[in-house]
Each structure stands twice: as structure tokens, then as C-alpha cells.
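Structural overview
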Amino acid sequence: MFAYYIELALRSLKRNRVLTALMVMALALGIGATITTLTVLRLLSGDPLPQKSTQLFYPQIDPNAKEGYIEGQTKPDSIMTYVDAMNLLQAHRGTHQAAMALTQAKVIPKQANARPFFSDAVMTTADFFAMFDAPFQYGGGWTAADDDGRAQLVVIAGFLNDKLFAGANSVGRVIRVNDHDMRIVGVLKPWAPQPRFYAQDLGGRSYGDGEAVFLPLQTARAMEMGPQDIECYAAVPDVKHIETAPCEWLGVWVELNSDEAVAGYKTFLDGYVKQQVALGRFQRTETSLLDLMGWLRQEQVVPDDVRLQAGLAFGFLLICVVNTVGLLLAKCLRRSGEIGVRRALGATRREIFTQFMVEAGIVGLAGGVLGLLFAELGLLGIRHQPAQYASLAHLDLEMFLFTFVVALVASLIAGILPAWRACVLAPAPQLKAA
Amino acid sequence: MQIRHVLAALPRHKLVCLLVVFEIAVAFAILCNAVFIINQRVQQMRIDTGITEDRLIFVRTDGVGADANAPLITRNLLALRGLAGVKSAVAMFGLPLENMSINFKPWLTADMKIRAPSVGMVAGTPGYLDTLGLTVVQGRGFTDADYDGVDQTSKPLSPVVIVPRELAERLWPGQNPIGQKIWRSPTRSYTVIGVVQRMVRGYLREDFVPGYTALFAIKPVAAYSGLYVMRVDPQDRERLVRESAELLMRLDPDMLINAKGSYADARADYFRQDASLAWLLLAVCVAMLLVTAMGIAGLANFWVQQRRRQIGIRRALGATRRDILHYFQTENFLIVSGGIVLGVLLTFALNLLLTMHYELPRLPIVYLPVGALALWLIGQAAVLGPALRASAVPPVVATRSV
């Protein structure tokens, strides 16, 4: 029976090729636009560390002056002073904790004729790698003792290792960073959480290959490497000594493995701030301890432009679906004679309904196939855009399947009204009119 | 007369009519808002930076490291000026739209009670106003004696500043800005010695006024002299970008060149994302209007076929071809008008939603009549073919049973 409906539907669609082409084309355009923007939206709002994100927390406090502070409403600052970051680290309240800032490392290759180049770099503390599950190809991270001893050590990313050492095990070799010789202790496997949650608000890029060089915070500061972003909340006597200046430039992450640990940490953080207020360092008591996804939501990582595009695409899809409804309806009304004959010959309403839904479904599938083509074209266009995330825009299997679900659902929704109209037609008047 | 006929017939296919009305309403709302957003972007991309853009090229380097190496900057500038075609060369910080800026909020009184809005810092070595093509419209420009180094907190030591007219009028409305002072710390004040017509900051943000900048005079220093800007003839730009970069790399093999090019290219780069959004919106609008037009044409075509008999009867009863043509055109006009009425409501709802979530001003009313006109025209264009076909239906059809 189903095969018969398909045959009927194809015959009906063939009878009016222009109208069919119009429906398929409109649906395909709408689906193509929607899938393109949804792929980008999903890419940008994804979980950067799915296995760990529920255990990673971002403490925030507020050292600003009292002016403009409304209790319970003013959000604490997104980055921290050196003093506070070190106090939180040294309290050791989490399973792991690390402070970090982004910087630019000038890498000078040892090979003759090779030009020096800038690399994105992270200056951080020992727990960084264990806390963020950064996988090592060779070697490992540095220790807390190396942090304190300002050891001249670096961890480099796999792609930098490929570039400088052709992918060989380079642990123990020396590279020159900002005119200092640094010994490599570890080489990471390809690792670049998207978006780079820890770079958020530290002045770094949120998407792309990831940083090339990781070095101990104290070591980097001793080499006068400066943070990408720095926010000062009072007049600055001296920008060279940002450890003691009233300036914020570090992000702190804490790993907490249970609800009790989270509650405990929040209490500790509140207590710490009250203590700082008592000491006269702080005037504001607001604190925040968001988990990773909560932090990304608050930061509104997804660019406004992308949301706008997605909204627009959905509006467009809506128009395309309404358009298809109209055209299907028009087609079905023209065939009232045919429906009358079929009903008179014994077809039930359900059968007529099914027949029309099959026809709508075929339009939907055709729209889906063409829409997929449009989506691939759209993503090709996105990959040629200047945005940081551009190169990541690819259609994955899930989105591929989702395209057909969207197409089918859209066309079936578009088909319900005409199909219902067709099946409620009384056969007798139609036969008479014919 | 005609309108009454059309109105009487409309309820006969109200479902399809309502669908078209809804489709046109959504299209209208999206069209108005999208064109508004496109216009906003285009306005932003057209910003006047105040400098002679087509005569400037730049090479951005990582600088010379420590301040002890500052003489290298002077050496590099001398060498760059030696290139054939380079009219002048300076090292500076704060080129308009270079995608970074140092901003500060100066105080207007010594007791630090009154604070100005955020101002972008511009600083350059001797002659940089001329190189950029900025002309002093009031007061005087910098003299060689004005140029000095920077302090511990990277603030210029030279106690003079030049501001664009826009900032002068904001800070000292109705007063002579020359001789006025701004403070960047309790101990560091700057006296306004001149006013330039316009100068835009390095990075635009919704909460910043683009044309609020302050121009300082500095000697070559490590902190602010990594960017070399040269004034050249437009036809020499490409060659001199290449030659100046090669020259700098020869002078200092360890120097890193982050970016180089003509200023016009850098400016286009700055707005590339805005441009691509504008193009995308435009493409979606065109596709949307196309789909809407196809829908209208498809339905009108269907209606014509459905009513061949009625058309024949009307023709047989004396209606002219023109009458039939007008009938379908009027019908389309009424349906589109219905869509526009609903669309106006949707447009405002959508605009309200957008202003709540994005930094977007209210939609000016003028977009509504223009959008309505566009949809009326598209509707008429879409219905013309089917309506002409309808008017070609011969009266004899009335005598046949279809």
C-alpha cells in the first residue's frame, strides 16, 4: 500500500514540475540556511571538556572600590590580582587549582636562517595539565617545586614540536623563548578545547589551534613576560610590578569533585573575602563560583552575530515552510476531483490522509538532499570568513542526520493542513462537479 | 466596484489567503530588521578616520625590547626614510582601527572630581601628525621640543596634548580648548595646545565614542614605537610595503614582523566580519523575497486555473481583459496589504527582541513604508504573469464545462 502511495505521489509531483521544483527549492533553501547556522551555533556553544566540565569551577571576587557597588547586584570581576590568586592557590582547598594568564612568547629557532616567530603562550602553575586533562605525547608537566624555584622549563604543544623538532621526542632539548634558554619537560598531544574557556577574559583567542608554549608563571614573570590583558582598579604607581599593583590579570580555576566540596569552597571563598574586608583590602563582599558551562554562559561566548544569523535562518525556514503549506494546499485543492473518485471507490479518509502525507514527505526528503548541498555550500562560505572559529565549521554526522529530520518534520508539518483538507472533502459534490 | 468584488471573493479561500498574509508578514518583519542591521553595519564601515588613508603603509614589529635599544628605532626610521618613494616615516601607537587601543578616562580638574569619558591614546615620534595627514585647525602643532619619553607607568612625559574637535567640544563646550588641562594622574597633567579636525581610535566599541582621542608627543621608546608608518604615493604602496619590511628584517634579523600592508587593506580587514555579516543578511533577504515571490506566483497561478470558468463568465458578461487583469492585481494588493499590517506588528516585536539582546537602536519608522513598498512591488511583479494569463482566458470558456 505504501509503495502505491509513493507511486501516486511521484506521479502527482511529476504532473506539475514547476510547482514541485518551487516547493523543493524553497524548502531546501530554508533547510540549508538553518543547518549552516545551527552547525556554527552548536560548534560555538559546545562543551569544551565534556568529561571534566562539571568538576571545574571558576572563583570570582571583587577588589574594586565601594563606589557604584550595589549589594547583591554587582557582579564580581572576571579576573584576579596576583595576591588573591596566590592566596587561593596556597589554601589548597580543591583537588587541583591553577592560576593562569596568557602572553606572547617570542620563539627563536636554533636552525640557521629560520626567522623568529610569536606564539600564543600560557603562563600558569603546575596543576594546569592534570586539572584540564591535557594529554602528553612525551614527558609531563612541571612540579609545584619548579613553580617556586622559577625553573627554566616549558611544555610545548604538539604542533610546535612538529615545527621545531619534526615531531621527535624533544624532552630535555632546549628552545629559546624571549631570549632565555628553556628546557622542554613535556610535549602535549593535540589539545585545544573549543571554546578555550580558560582564555576567556584573559585577552586570548577563544577558538583555533590552542597555545604553543606553556611555562611556569613565576619563571615567565621573571623573564618580564606580560599578560595579554590587565585591568587596574586604582591609580597604578608602576606597571612593571603587576604582582603588587592594584591590577587584575590572572584567572583561577579549581577542581572540585563533589557537591560538598563545592559548597565548602564557596564558604571558604566568602570567608576569604570577609577576611580581606576586615583587613581593609576589600570593600565588596560579592563572590561567585560558577562551573565551566555556567561561566561560558555568563561570558556569552557565542558571538551575537552568530545568534542573529541563527535567528534569521529560523525565520527564513518558517517562511519556506509556510510557502510549502500554501503550495501543497493549492495542489491538493485542485485535485478534489481525483480525491472524490478515490473516496467513491472505497478509499478511507485515513488512506487519503496518508497518501497526501507521503507526497509531502517526498517533497521534504528531496528538500533535505538539496538542503544538505546548500548547507555544505554555506559552511564552505563560513570557512572562508575571517572569524576565529571559521576553520572548525564542518557538517558532522549528527547534523547530517538532523538535516533530514528537520526536512521531513518541516514538510510533514507543511503537509498536515492540505492532507487534512483533502481527507475531509465529501466525495459526492466533487464527483458531480467533475 | 472592483474592490468589493475582490473582498467578497476572498473568504472563499480564506485558509490559503491567511497563509499568504502570514508569510508576507514574517517576510516584512525580517526584511525591515535585516535591512536596518545591514545599514547599521554599513554606516559603521564608512567611518571617517580623519587620516589620509590611501597614502599610508605600515609595518608592525615586536619592537626593540628594552628602552636601552631605543636608538635602534631612530636608526630604523632613518633607513626607512632613505627608501625611494617614502615621503616620511614615523614610529607610533594608536593608528585608527588597528584593532587595539589603550584607553583612559582623564580627569578635568586637579582635585580629580570631574572625569571625562573614555579617550583613546595616540602617540608618535616627531612629524607624525603630518605623516598621518592630520591638520591642526586651532592652536599649534607639536614642535621638536615637545617630544619626550614616557614614565614608569608608560604615560608620556611631554606635558602637551592635541585633541580632535569632537572631544574638545564635548569636554569644554563653548570655551576655547587651547590652554585647558586634562589629568591622567594627580601628578601628571597635559595642556591642550592644538585641535585637529578628526582622529579615530584604534578599536571601536559600543560604549566608546570613536572620535574621542588624545594625541601625545613621544620620542622613540620601546613601549609605543613598534609600529612604523610611512607616507607614500598610492601607486608605490605595494612595492614599499615589501621593501620596508625587507629593510627592517635586514637591519635586525631577530625582529619579528606581525603585520604589514597598506592602511586601506588594514581598514578593510578591520571591518571584514561586519562586511561578511552584511552580505549574508543581504543574501538571506534576497532568497527570502525570492521564495515569497515564488509562493505568491504559484498560488496566483493555481487560483487562475481554478477560476477559469468564472473568468470566462465574467468576460462573456462584458468584462474587459483589463478588468480581469485588475481583478487579480487588486486581490494581490489586498492580501499583501493585510500581510503588511500584521507585519508592522511583527516588525516592532522583532525589533524589541533585538534591542533587548543586542546593542541595536530602535528601528526608525521610515523603514516601514519603504519595506511595504518593496513587498507591494514584489507582490505585483509575482502576480503579473498569472494575471496576464487570466486576462487571456477567452469568454467561450463559459460555455464549456471544465
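Definitions and limits used
- Residues numbered from 1 in each chain as written.
- Chains lettered and ligands numbered in written order.
- Predicted model: local features only at pLDDT ≥ 70, side-chain atom pairs only at ≥ 80, totals over all residues.
- Heavy atoms only, no water.
- UniProt positions renumbered as here; feature names shortened; annotations may be inferred.
- Helix = DSSP H or I, 4+ residues; strand = E, 2+ residues; numbered from the N terminus.
- Phe/Tyr/Trp six-rings, centres within 6.5 Å; stacked < 30°, edge-to-face > 60°.
- Buried < 20%, exposed > 50% of the residue type's maximum accessible area, 1.4 Å probe, protein only.
- Pairing = 2+ DSSP bridges.
- Axes fitted to C-alpha atoms, helices over the stretch in contact; angles between N-to-C directions.
- Parallel < 35°, antiparallel > 145°, perpendicular 65-115°, else oblique.
- Left-handed = near helix turned anticlockwise from the far one by under 90°.
- Contact = heavy atoms within 4.5 Å.
- Nonpolar A, V, L, I, M, F, W, Y, C, P; charged D, E, K, R; others polar.
- Domains from an automatic or database assignment.
- Buried area = accessible area lost by both parts, 1.4 Å probe.
- Salt bridge = Lys/Arg side-chain N within 4 Å of Asp/Glu carboxyl O.
- Polar contact = N/O pair within 3.5 Å; in protein donor to acceptor, adjacent residues only side chain to side chain.
- Patch = residues over 30% accessible without salt bridge, like charges linked within 9 Å, V, L, I, M, F, W, Y side chains within 5 Å.
- Areas by Shrake-Rupley, 256 points an atom, 1.4 Å probe, with all protein chains shown as cover.
- Core = buried A, V, L, I, M, F, W, Y, C linked by side-chain atoms within 4.5 Å.

The positions that UniProt labels "domain: ABC3 transporter permease C-terminal" (unreviewed entry) are, in the present scheme, residues 285–394 of chain B. Helix and strand shares over residues 285–394 of chain B are 85% and 0% respectively, and the end C-alpha atoms of the span are 39 Å apart.

A word on the packing of aromatic side chains. Residue and element names in this part refer to chain A. Under the definition given, this model contains 29 aromatic pairs over all chains. Ring geometry for Phe 132 versus Trp 253: centroids 6.3 Å apart, planes at 75°, classification edge-to-face. A residue pair is termed long-range when its members are at least 10 positions apart, and Phe 132 in the loop between helix H4 (128–131) and strand S5 (136–139) and Trp 253 in strand S11 (residues 247–255) qualify at 121 residues. Here Phe 132 falls in the buried class, since its relative accessible area comes to 0%. Considering the side-chain rings of Tyr 265 and Phe 268, the 5.3 Å spacing of their centres and the 65° angle between planes classify their relative orientation as edge-to-face. One end of the pair is Tyr 265 and the other is Phe 268, both in helix H8 (residues 259–279) and 3 residues apart, which spans about a single turn. For the pair shown, Tyr 265 and Phe 268 are each scored as buried. Grouping aromatic residues by their ring pairs yields a cluster made of Tyr 58, Phe 128, Phe 129, Phe 132, Phe 136, Trp 142, Trp 191, Phe 197, Tyr 198, Phe 214, Trp 253 and Trp 295.

Here the focus is the pairing of strand S9 (residues 213–217) of chain B. Residue and element names in this part refer to chain B. Most of S9 sits out of view: 5 of its 5 residues are buried. Residue alternation in S9 divides its side chains into two sets, Thr 213, Leu 215 and Ala 217 and Ala 214 and Phe 216, and both sets are buried. Direction of pairing for strand S4 (residues 119–124) relative to S9: parallel, over a ladder of 5 bridges. When the bridges of S9 are listed, Gly 120 appears paired with Thr 213.

Residues and elements named next belong to chain B. Where helix H2 (residues 14–45) meets helix H11 (residues 367–391), the axes come as close as 10 Å, and the angle between the chain directions of the two elements is 125°. When the axis of H2 is compared with that of H11, the two are oblique. You can see that H2 and H11 cross each other, and the crossing is right-handed. For the pair formed by H2 and H11, the contact residues are Ile 24, Phe 28, Leu 31, Cys 32, Val 35, Phe 36 and Asn 39 on the first element and Tyr 367, Leu 368, Gly 371, Ala 372, Ala 374 and Leu 375 on the second. Split by residue class, the contact of H2 with H11 holds 11 nonpolar, 2 polar and no charged.

Another aspect to go through is the domain arrangement of chain A. As a measure of interface size, the accessible area lost when the parts come together is often cited. All names here are of chain A. For chain A, the assigned domains read domain 1 (2–45 + 303–433) and domain 2 (53–299). Spacing between the C-alpha centres of domain 1 and domain 2 amounts to 49 Å. Every contact between the two is made by 5 residues of domain 1 and, on the other side, 7 residues of domain 2. Across the domain 1 to domain 2 interface the summed buried area is about 500 Å²; carbon plus sulfur atoms make up 60%. Summed over the shared surface of domain 1 and domain 2, the number is 0 salt bridges. Between domain 1 and domain 2 we count 0 residue pairs in polar contact (both at pLDDT 80 or more) in total.

Residues and elements named next belong to chain B. Here Asn 103 shows up in strand S3 (residues 103–104). According to the relative accessible area criterion, Asn 103 is partly exposed, its value standing at 28%. Along the backbone, Asn 103 and Tyr 212 are 109 residues apart, and their C-alpha atoms lie at a distance of 9.8 Å. In this structure, Asn 103 is in contact with Ser 118, Val 119, Gly 120, Arg 201 and Phe 208, ignoring residues within four places of it in sequence. Among the polar contacts listed, one links the side chain of Asn 103 to the side chain of Ser 101, at a separation of 3.1 Å. Of the polar contacts made by the side chain of Asn 103, one reaches the side chain of Arg 201; its length is 2.8 Å.

Next up on the list: the domain arrangement of chain B. What the domain assignment lists for chain B is domain 1 (2–46 + 273–399) and domain 2 (63–255). Look at where the C-alpha atoms of domain 1 of chain B and domain 2 of chain B centre, and you get two points 54 Å apart.

Further remarks concern the interface of chain B and chain A. With 41 residues of chain B in contact, the opposing surface of chain A contributes 39 residues. Carbon and sulfur atoms supply 72% of the area that chain B and chain A bury against each other, a total of about 3800 Å² over both sides. Connecting chain B to chain A are 0 salt bridges. Applying the counting rule to chain B against chain A returns 0 residue pairs in polar contact (both at pLDDT 80 or more). Secondary-structure elements contributing two or more residues to the side of chain B that touches chain A are H2, helix H8 (272–306) and helix H10 (321–357) of chain B. The dominant element in the side of chain B that touches chain A, judged by the number of residues it contributes, is H8 of chain B, at 17 residues.

Our focus in this paragraph is a nonpolar patch on the surface. Residues Leu 318 of chain A together with Phe 22, Leu 342, Leu 345 and Leu 346 of chain B make up a contiguous nonpolar surface patch of about 400 Å² in total accessible area. Here the nonpolar patch gets 3 residues from one element, more than from any other, and that element is H10 of chain B. Tracing the sequence through the fold places Leu 346 of chain B in helix H10. Residue classification places Leu 346 of chain B among the partly exposed residues on the basis of a relative accessible area of 30%.

This part takes up the UniProt feature "domain: MacB-like periplasmic core" (unreviewed entry) in chain B. Summarizing the sequence annotation, UniProt attributes the feature "domain: MacB-like periplasmic core" (unreviewed entry) to residues 34–215 of chain B in the numbering used throughout. Between the end C-alpha atoms of residues 34–215 of chain B the distance is 38 Å, and the span holds 20% helix and 25% strand.

Another point: the side chain of Arg 41 of chain B. Its place among the elements puts Arg 41 of chain B in helix H2. Setting aside residues up to four positions removed in sequence, Arg 41 of chain B forms contacts with Asp 305 of chain A together with Asp 274 and Leu 277 of chain B.

As a further point, take helix H9 (residues 292–299) of chain A. Residues and elements named next belong to chain A. Listed as buried for H9 are Leu 292, Gly 294, Trp 295, Leu 296 and Glu 299. In this structure, the buried side of H9 is in contact with strand S1 (56–60), S11 and strand S12 (288–291). Positioned one or two residues after H9, Gln 300 has a phi angle of 50°, which is positive.

All names here are of chain B. Take Leu 95: it is sitting in the loop between strand S2 (88–93) and S3. Remark: the alpha-carbon pair of Leu 95 and Gly 202, spanning 107 residues in sequence, is separated by 5.7 Å. In contact with Leu 95, other than residues within four places in its own chain, are Ile 51, Leu 132, Gly 202, Leu 227, Val 229 and Tyr 263.

Residue and element names in this part refer to chain A. Axis separation between helix H2 (residues 17–44) and helix H13 (residues 397–424) bottoms out at 10 Å; the angle between their running directions is 140°. Considering the angle they form, H2 stands oblique to H13. In the packing of H2 onto H13, the handedness of the crossing is right-handed. Judged by residue contacts, Leu 27, Ile 31, Ile 35, Leu 38, Thr 39 and Arg 42 of H2 engage Glu 398, Met 399, Phe 402, Thr 403, Val 406, Ala 407, Ala 410 and Ser 411 from H13. Per-class residue counts for the contact of H2 with H13 are 9 nonpolar, 3 polar and 2 charged.

A few words now on the nonpolar core. Residue and element names in this part refer to chain A. Ranked by internal contacts, the top residues of the largest apolar core, which has 131 residues, are Phe 128, Phe 132, Tyr 198, Phe 214 and Trp 253. Excluding residues that lie within four positions of it along the chain, Phe 214 makes contacts with Val 122, Phe 128, Phe 129, Trp 142, Val 154, Val 155, Leu 188, Trp 191 and Tyr 198. Formed by 46 residues, the second largest nonpolar core is a distinct cluster that contains Val 107, Val 154, Leu 164 and Val 177.

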